[in-house]
Amino acid sequence: TFRELAVRWFQFGLVCPILRQHGARDTEIWLLGDEAEAAVTAAIALRAELKGYVMEQMARVAADGTPVNRPIWFDAPHDAAAWDVDDELMFGPDLLAAPVLEYGARNRTLYLPDAAVRWKHHYSGEVFAGGQTVTVDAPLAEFPLFHRLA
């Protein structure tokens, strides 16, 4: 159970301003076993790919105080359904994440806000209309991460 928790924690950390691992036990990723190490390595690599985006969001915080992490209603205040969502988050204005919260879960149901927006699933490339609830696959090496298209 700890290995899966560590993977899901890294995936959540990927969409936080600071990505770091800590704890009272040995937390080196190579101690997690091959599958979990590969999944954590993939999360770290994705964070590296997003470096420019992350730095842009940090500059925005410094310039005007806009938070990097925020509830989904922050970017879709007109979407009444978004106001009831408490287990998803925006990472800047263009990325929506729905961390996997249940042990053993390999899919995730989530709400994509704003009917005027299309959302592209990071891993599958599938595009969804906003303003609806969807269920997407969430194997251990992936989690629901969506890019705002427009």
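The preceding data block contains the structure.
Now for a description of the structure that goes with this document. (Residues numbered from 1 in each chain as written. Predicted model: local features only at pLDDT ≥ 70, side-chain atom pairs only at ≥ 80, totals over all residues. Heavy atoms only, no water.)

## Digging into the packing of helix H1 (residues 2-14) against helix H2 (residues 34-49)
Line of reasoning, step 1. In contact at an axis separation of 9 Å, H1 and H2 are set at 5° when each is read in the N-to-C sense. Relative to H2, H1 is oriented roughly parallel. Along the contact surface, H1 presents Arg3, Ala6, Val7, Phe10, Gly13 and Leu14, while H2 presents Ala36, Ala39, Val40, Ala43, Ile44, Leu46 and Arg47. (Axes fitted to C-alpha atoms, helices over the stretch in contact; angles between N-to-C directions. Helix = DSSP H or I, 4+ residues; strand = E, 2+ residues; numbered from the N terminus. Parallel < 35°, antiparallel > 145°, perpendicular 65-115°, else oblique. Contact = heavy atoms within 4.5 Å.)

## Quick notes on the packing of aromatic side chains
In this description, a pair of aromatic rings is defined by centroid distance and the angle of the planes.
Line of reasoning, step 1. Going through the model one piece at a time under the given rule, you end up with 5 aromatic pairs.
Line of reasoning, step 2. With centroids separated by 4.2 Å and ring planes inclined at 10°, the aromatic side chains of Trp73 and Trp83 adopt a geometry described as stacked. A residue pair is termed long-range when its members are at least 10 positions apart, and Trp73 in the loop between strand E1 (69-70) and strand E2 (89-91) and Trp83 in the loop between E1 and E2 qualify at 10 residues.
Line of reasoning, step 3. Relative accessible area serves as the criterion here: at 28%, Trp73 is assigned to the partly exposed category. (Phe/Tyr/Trp six-rings, centres within 6.5 Å; stacked < 30°, edge-to-face > 60°. Buried < 20%, exposed > 50% of the residue type's maximum accessible area, 1.4 Å probe, protein only.)

## Considerations on the environment of Ala6
Line of reasoning, step 1. Looking at the secondary structure, you find Ala6 in helix H1.
Line of reasoning, step 2. Along the sequence, Ala6 and Ala39 sit 33 residues apart, while their C-alpha atoms lie 9.7 Å from each other.
Line of reasoning, step 3. Contact partners of Ala6, with chain neighbours within four places excluded, come to Leu32 and Val40.

## Things to note about the pattern of salt bridges
Line of reasoning, step 1. Within the structure shown, the criterion is met by 3 salt bridges.
Line of reasoning, step 2. Arg108 is the salt-bridge partner of Asp87, the closest N and O atoms lying 3.4 Å from each other. Of this pair, Asp87 sits in the loop between E1 and E2 while Arg108 sits in strand E4 (residues 107-112), and the two are 21 residues apart along the sequence.
Line of reasoning, step 3. We classify Asp87 as partly exposed; its relative accessible area is 32%. (Salt bridge = Lys/Arg side-chain N within 4 Å of Asp/Glu carboxyl O.)

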